[in-house]
Each structure stands twice: as C-alpha cells, then as structure tokens.
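# Structure at a glance
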Amino acid sequence: MGGSRGSLGPLSRTWLAAGLLVLAARGSAVRAVEPDPFAACEEKVRTAPEDGPSYLCFYDVARSGGRSAEADARLARAGIGPAGRAWATFARGTVALIDDEERALDLYRRAAGEFARLGIAGGEVRARYNLRNILEGRGEQAAASAEAARALRAAEATDDRDTLTLALFLEAEQLMDSGGDLGRAGRDLRRAEALVFPDGAVQRKRQCLNLLGGWSFRLGRYEEAIASYRRLRGLERTAENQSGQATALVSWAHARQRELEEAPEPGGLAEVETLAREALALARAAGRREMEQRSLQLLGEIERSRGHAGEARRLLERSLALARELENPERISNTLWSIADLEEGQAAARAAREAIASALKLEDPRSLAYTWQGRIRLAWRTRPRAEALDTAFLGLEAIEALRTRQQEEEGRVGLFSAWTQIYRWLAGRLLDAPTPDAPRAFAVMERMRGRFLLESLAPSVAAKALPPDHPAWERERQALEGLAEIQRRLLDPELTTEARPALLAELARRELVLDESRAALFGAGSPRVTGASAFVSLDRVRGALGPREALLQFQLGSWRNVYGDFAGGSWLLAVTRGGVRVHRLPDRSEIEPLLPLFLGLLERRDGSEGDAARRLGGILLGPALAALPAGVDRLVLVPDGALYNLPFDVLRIGPEGEPIGLRYELALAPSATLFARWRTLRPPRADRSALVLADPALPSSSGEKRWGRNGGSSPFRAAVFEQGMPLAPLPYARREGRAIARLLGARSELLVGEEASERRLANPDVARYAILHFAAHALADGAHPSRSAVFLAAAPDAAGDSLLQPREIVLLPLAGRLVVLSACRTASGTLVSGEGPLSLARAFFQAGATAVLGSRWPLADDEAARLAESFYRHLARGAGAAAALRAARREAKEEGLPAAAWAGLVLIGEPEWRLPASLRPDPRANWSVWAWWGAGGGLALLALLLALARRRPLRAPRQARARS
C-alpha cells in the first residue's frame, strides 16, 4: 500500500470520517474533528508578521477558550523575523498573565529588552506598561517607577503620537498611584490631552479622561474631577460600554461625595446615591466586580448617614467580601474604615486593626495617610484623650510627609488642600470642650495655613538653584520668549476669531514647556516646611504683638458633616499680648450665603449695605471686639475660606457703630506664622523711595488704545486671551503717579506711558526702591492663575509681552518691600483650602515683599487715584502702612465716597511697614511749595469764581472706567 509511514490515504480518511459520523449518530463520546481555533491567528502572522495585534490574537483565543498552554506553545514557534519574535514574546507574557504572574514578568522583561535593541518604541512602551502595572499591583513602587521612566524615554525618541500618549499616561498613573509628584503628572496629562483630543482613538480618550479625573481628585479639585468623569460617562454611553459607564459613574459619585464632605449641601447625598445605584446596576451587568465593590461601599456610607445601621452594615460587608475576592489591599483597607466608622468599641477597633494591616501591605504614602486619618478619628472615640492626641499629631506628620514628596507648587498646594478637613476637625475637637485647648488648636490651625507661601519666604529659592551659566537657564529664557511670542499674538487687536483656538492650544503647550523648565530649576531644590516647630506658637504670636494690636484667627467650617458626624465647626481665636479668647461661630452654611448678598448691596453704592454689615459684623466680630483690652486699635485678620473675599473694613458693630475699617487699622495675613515672620524682617535696604509705573501705553490699532477685541471681561476668566478685552487709557492713573512722585520727592521715579514697561522691571536697580507701585489695568484669572497679570507697556523691540505675570513676579528682588497694586482684583483669585487666594498679591509675597496693598474688586480710575494720593501723604509723614490706609479711608468717607470706593483696597502683610526715615521727604522742602501756592492764590481764586459762575462741580465726576 502506497503512502508515507503513519499517514492515511484518501480512501482511509474517507472511511474514517464515515465511521466517526456513524459513531456520532450512535451517541458515541467520540467527537468530530474541530477546526483549529488558532488558524486565524496563524494567518494573521503570515500576512502581518511584524504587527503586534497578529500575535495578541493568540491571547484572545487562550482567554476565551482556556487554552493558555497551547497558545504559549504556538507563540514560541510563531515569531517571524526579529520584530515578530519580540512581539511573540510580548504576547506570551500576556498569555502567562492569565495564571502565572511571575512568568509574565520574565517574558515582559525579555520583550522590553528585545524591543529596545530593535528600536521599536511602540513595543517597548507596551511591554513596560504591563511590567509597571504588575509591579505596582505588588507594591514594588520603585521598580514600577523605573519602568514608567524607561517607557517615557523610549517614547520621547519617536514621533509616534500614540506611543508617546501611552507613555505619558503610564508615568502620570505611576506618579499618582505612588504618591509621587502631581505637578509632573499634571504636565504629562495635559500633554497627552493635547495629543488625544479631538481626533484620537476612543480608547485613548477614555484613558485620558479617567486619569485627568483622578489627578484632579487628588488635588482636591472636585469640580474639575466631576467634569472629567461626566465627559467620560458621555463617551462610554455613546460607545454603549456598560463597564466604562460604571467606572465613570462610580468615580463621579466618589468625587461628589468628597465635595460634600468639605461643604455639605441639602440633597447632595441623594445625588450621590443615584449615581452609585446606576453604577451598581451597570457594573453587575458588565461583570465588573471592582466597580460593584466601590458602588456598594458608597451606598453603605449613605445608609450610615441616614441612621440605617443594619442596611449600612449589610452593604459594607458585601463590599468587603468583594474587595477580598479581588485581593485588593487598598479597597479592603478603605472599606474596613467605613465599617469602623459604623461600629463602636471593640468591633470598631478590630476593623481598624485589619484596615491598618491591609494598608501596610502597600508602598503607597497616600494609602498610609488615609489610614492615619481614620486612626485619628477612631482614637478620639475609643482612647483616652492623651493617647488620642499623640495619635492625632503622628497622623498629621504622616499627611505632611505625603506633601513633601511633591516637587512643585501645584502638587504641594493642591494635594494638601484635599487633606485640610482633618485639621479643621482636630482643631474643633480641641476647642469644643469645657476647657478649650487653645494653644494646641492654634498650632493645628497654623499647620494647615499658607505652607507654600511660608516656604517661599525661606532663603531665596533662586539662590539655591543652578548656577547662572547652567544650560537650564538658557532653556528657561527660551521658554519665556516662546510664551511671550504667543501671548503677544493673542493680544493683537486684529486677531481673528478663527485663528484664536490654535493659538490658545499653542499657549497651553508653551506653558507646559515653561513649567518643565521651572521644575528643573527650582522644583527639587525648593525648601520644605515640615514638623510643628516650623510654625509659630501661640505664645510667640502674643510676644510679637504690640500692646495696641490683636490677631483674629478664623476657622470657617461645618459643625456636622454629611454623615451627621462632628466636622470641626467655625471658630474665632482673638489673640492679644494678654492672652487668647475662644469664640464659637455659626456653621459655614449660615455665614457663606450672607456674603454675596452683602457684596451685592455694597456694589450698589447707595448705603443699603448697612443692615447686612451690622449683621455680619455682629456674627463674626461682635463678641470678640467687645472683649478686647482697651487701647487696641489695630487688627491683624487671618481669614479662612470664603472670608478671604469679605471686606471686613465695612462691617459694623452695633446700630450706631462706624465701619471697623475706620475704627481700627486693619491688615490681613494668610497665617499667624507668616505675620510673625514678616514682623521680624529688617527694613528694606534701599536708597530710593518708590518706583511708580502709571498708565502704561497699550498696543493700539486704528488709533484706539485697546488690548484684544471687544468681549467679556468676567473677573475670573482669561478673557484677554480667550475672547479679547477692551482696555481704555487711565488718565487718573497718570495723575496718581505724579501725585506720588510729588509727595515722595526726588528719590522716587515715575514712569508713564511707553516708559512704564515690563522691560524696566528687568533692570537690577529695581532692588534700590523701597516701594513698587503700579497704577494700571490688571486681570485675575481663576481658571489659570498663572495667566493673571498686570498690564504694562512694551517697546516695539522688546522680547516681552507687556504682561507681568506670577511666573515673572516671583523672580523680582523685593525682599522687605511694600508693593502697591492700584489695579483691579489684585488681591482676589481662586481660593485653595489652606493656602488662600492664588492672587497677584501672593506672587509679590513669593518675591519677598513684606506688605502688599491690593484690591478686592474693580477700582474706579479717579477713586483709586484719590485713595493712593491720600495713602502716600500719610506714609511720607512716617505713618505705618495700616495707619496710612485707615487715614485714607477716613478722608474718602469724609469726601462723601461710598464704602465700595474705599473698602476695595486691602493691606496684606506687615501693618507696621514704614518708609525708612532716610527716604522720607524733608518737611522743610514743602515751604517752597507753599510759596508757589501763595503766589498763585489769585489765579486759583479766579478759577474758583469761574467754576461757580458756570455751575460746574469743583471735583471731577466719578469715572465709570475701571482698572480692569
């Protein structure tokens, strides 16, 4: 019989087939020959041997059919060429991940090495992506971070947008998961967002929105996080992806829950419940157990808030069981803390011990800080007071250690803001007792306030940076020039609507380049404030205060959180040399709604704010001021939260009381520690009194002095870039500058028009002046604080863009100086919990200023000029800054100006700042001025008679034009 050994001829195969069919028909267990499940994969490899998806086809078959061993064997033989063999190794790692993590690690490492040798960045990034995910899940954070860094280096060397996007996602995710630098993570995500939207793949958009939401959440920007998750839900709904919708809804609900924990709202938890229940249904339908677990935990916490302990326990126990099935230590720990909050006594202690043990399995500082927060609250319920206090202060150190891992301002300020509620809770616990523990409560309040600004006052960050000839400085210069170029183009009045979006996108890209440069120069080497010893004690503050001074420190909080638990409350500590008094204040929900009403009445300029001023004054200050020692006439106010936006100057005590801004000298401080620090600084080393920049020349088009096209000028938008904003000349600002120069004498310098330029501030001799004064337009941008600016002039050949922005302000040599910002909203900005407003004034403090006179709202051109002239008249006579401002307010009121005109200016910093005696003008020099007045008296009288005859007012009418 012909044919090769071991094979069957055609006839034999026919009979075999027939026999099989017969056996099958008889119900035999022998099955028909099945088609090869990997045949399609083999065909893909033959037709596209260098494409990764060709090899990942084997994984898809193995996962669905339980054929891991066969898939691995096939892949071991399938690789065609060097690239194909590398992809086959990668796919084998993915197959091994189904049931053998150790082998998957080995195969991914081999694949990454092969891809690196071949220069296939896309393959290397994907292999390292999977390596990082495995290592991070095992808690090996250092190794995971190394893989993320290697992936990004490989991606940066290619022009493949998708590969770079994936690598940026990877580094950002690793930084967030490990408690790393959120500033860098944010830059990565903003770069990736520009690559993905609007035309990227749905999968990359999904990843981007999910990561952006998580990043915003970690920075306490819950509104931003919710916006990202809402977009993600819309994307997943369009794609009919139930799993993705569940993820988006759970994350949305969690962000909303955290927002409500900081600021409870009626009906807020019902909104969270709706989101969580919808997420639960979708998660179950899609088989997403991790999303089911998170949804159940949220629902359990909501039931606890309603007092339904039994239902809460049932939901949380089911959530815990799922977390254990998933073998997720973070979720186990998190759920156990929710159970501990529900239980009492030993049951709570057992849940807490297990939560701590689970968290310790992770090398994640964020999880450990969360664990300490739970321990603080539990210890207060279950341990003696002394032990609870020890636990509390150890917990604060753990939270602050998480902050020290942040290299840059955005990360340090934002991350810490998400943890400030535990400080308010602890301060409230210390004060809400028969004998309030004011010293410890004061210490806790101080530890949450103005930390980054305090770090900015440490020995100059610039002095610790790289040497002047370092290449990083050249990169910094190029980055600034590139940014200025784009901003100049956006300021062009002739810019078309169609051209603006592309320039705005380029502006965002250039800002990222500059941020990267700044991080290299200042990030890692910038100082850190750590430990309780870095903050001033209550005794030290008392020692720093003068006999006629009081420091009033506020805490604005809720008395009960969304679960009905104690939340810290609102308090006022009134500190004088003689001691401290503790005053209990109403819940923030009672105070905050009064503020916009009061400000709206004040804006009417008709005196109708009187009743609201008395009501707010009585609530916030009445008992405290009544208890102050006789002779106190200066108040240093340390606000909190929305109180930063309150013009305390206008508040009244009692039916007949005058505004406290006329009764007291007032100054604001972000913290008592900063106030004490400013008080110890030496007077400025200056040989000139003031550098005054007034009415800077604006770019013109067709004879009009405007910046940008007509458009909205909302105070907290980058309208000048996004829409354009009309900016008219400021004739009274020029008069203001001349008046200041006259009052301060020859040692001052006045720059107006084209001379009032940004380039002038780059001159090192700025350090010779004790005062820097701006009478100009300004813009406060809440969405992008770094784009806030004072508008200056720019010579045609200058490299600058006429905008003095925080990134430039912080480099000015202003140690010990007074800065006067006679411009709109320079003391206003986005409020960040614990840090205060991110305003232009804050940037001048970062540059070393000791006191800043800024504005809360738009200033009318003529009224601002009057106030400034009066302020400098008293300053030139030797008055302190707070006394000079009070005198200016009094004179404005006596002239008949409404409160809105004189309460817009606010002094922040050292109230005792004085112009050095050596720089004050000699009063005897004024005799010549009086002589000229005498000689010209007849002319003045004639002018007066002419004015009366024509029935024209002597005082110029108020100008509607504002400095914004």
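Summary of the structure given here. (Residues numbered from 1 in each chain as written. Predicted model: local features only at pLDDT ≥ 70, side-chain atom pairs only at ≥ 80, totals over all residues. Heavy atoms only, no water.)

With the rule as written, the count across this model stands at 13 aromatic pairs. Ring plane angle 80° and centroid distance 6.1 Å describe the contact between Trp380 and Trp425, whose orientation is recorded as edge-to-face. Linking Trp380 in helix H19 (residues 365–382) with Trp425 in helix H22 (residues 420–431), this pair joins segments that are 45 residues apart in sequence. The residues Trp380 and Trp425 share a single accessibility class, namely buried. (Phe/Tyr/Trp six-rings, centres within 6.5 Å; stacked < 30°, edge-to-face > 60°. Helix = DSSP H or I, 4+ residues; strand = E, 2+ residues; numbered from the N terminus. Buried < 20%, exposed > 50% of the residue type's maximum accessible area, 1.4 Å probe, protein only.)

As a further point, take the environment of Ala694. Within the secondary structure, Ala694 sits in strand E6 (residues 688–696). Along the backbone, Ala694 and Ala793 are 99 residues apart, and their C-alpha atoms lie at a distance of 9.9 Å. For Ala694, the contacting residues outside a window of four places in its chain are Ala733, Arg734, Gly737, Leu750, Leu751, Val752, Gly753, Ala756 and Ala775. (Contact = heavy atoms within 4.5 Å.)

On to the nonpolar core. The nonpolar side chains of a soluble globular protein tend to be buried, and buried together. With 215 residues, the main nonpolar core has Phe774, Phe844 and Phe871 as its most contacted residues. Considering every element that reaches this core, the biggest residue donor is helix H9 (residues 161–177), with nine residues. Setting aside residues no more than four positions away along its own chain, Phe844 makes contact with Leu772, Phe774, Leu804, Ile809, Leu812, Leu814, Val819, Leu821, Ala849 and Val852. One finds Val95, Leu107, Ala112 and Phe115 within the second-largest nonpolar core, a separate group that totals 31 residues. (Core = buried A, V, L, I, M, F, W, Y, C linked by side-chain atoms within 4.5 Å.)

Here three strands make up an open sheet; going across it, the order is E11-E12-E13 and the pairing antiparallel. Looking at which strands have only one partner, the edges of the open sheet turn out to be strand E11 (778–779) and strand E13 (803–804). Bridge analysis of strand E12 (residues 789–791) against E13 gives two bridges, and the strand direction is antiparallel. Note on E13: the bridge partner recorded for Phe791 is Leu803. (Pairing = 2+ DSSP bridges.)

What follows deals with the pattern of salt bridges. For the structure on display, the rule yields 90 salt bridges. Between Glu863 and Arg605 there is a salt bridge whose closest N-O contact spans 2.3 Å. Pair noted here: Glu863 is in helix H40 (residues 861–876) and Arg605 is in the loop between helix H30 (594–603) and helix H31 (610–620), with a separation of 258 residues, a long-range link. Connected through salt bridges with shared partners, the residues Arg548, Glu549, Asp633, Arg634, Glu665, Arg679, Arg886, Glu910, Glu912 and Arg914 form a single ionic network. (Salt bridge = Lys/Arg side-chain N within 4 Å of Asp/Glu carboxyl O.)

As a further point, take the state of the cysteines. The final tally for this structure, using the stated rule, is one disulfide. Residue Cys41 pairs covalently with Cys57 via a disulfide, S to S 2.0 Å. Negative torsions about the S-S bond denote left-handed disulfides, and the value of about -70° found for Cys41 with Cys57 makes this one left-handed. On the criterion of sequence distance, the pair formed by Cys41 in helix H2 (residues 39–47) and Cys57 in helix H3 (residues 52–65) is long-range, its members being 16 residues apart. (Disulfide = S-S within 2.5 Å.)

Another point: the pairing of strand E10 (residues 769–775). Here E10 lies mainly inside the structure; seven of its seven residues are buried. Looking at chain direction, E10 and strand E14 (residues 818–822) are connected through five bridges and run parallel. Its bridge partner lying in E14, Leu772 is registered against Val819.

Turning to its location among the elements, Ser228 is positioned in helix H12 (residues 222–238). Exposure remark for Ser228: the relative accessible area of 9% places this residue in the buried category. When residues no more than four places from it in sequence are discounted, the contact partners of Ser228 are Leu209, Leu212 and Gly213.

An α-helix turns once per 3.6 residues; consequently, residues spaced three or four apart project the same way. Under the 1.5 Å per step criterion, the end-to-end length of helix H5 (residues 81–96) is 22 Å for 16 residues, consistent within 8% with the ideal 22 Å. Extensive coverage of H5 is indicated by the burial of 13 of its 16 residues. (Expected span 1.5 Å × (residues − 1).)

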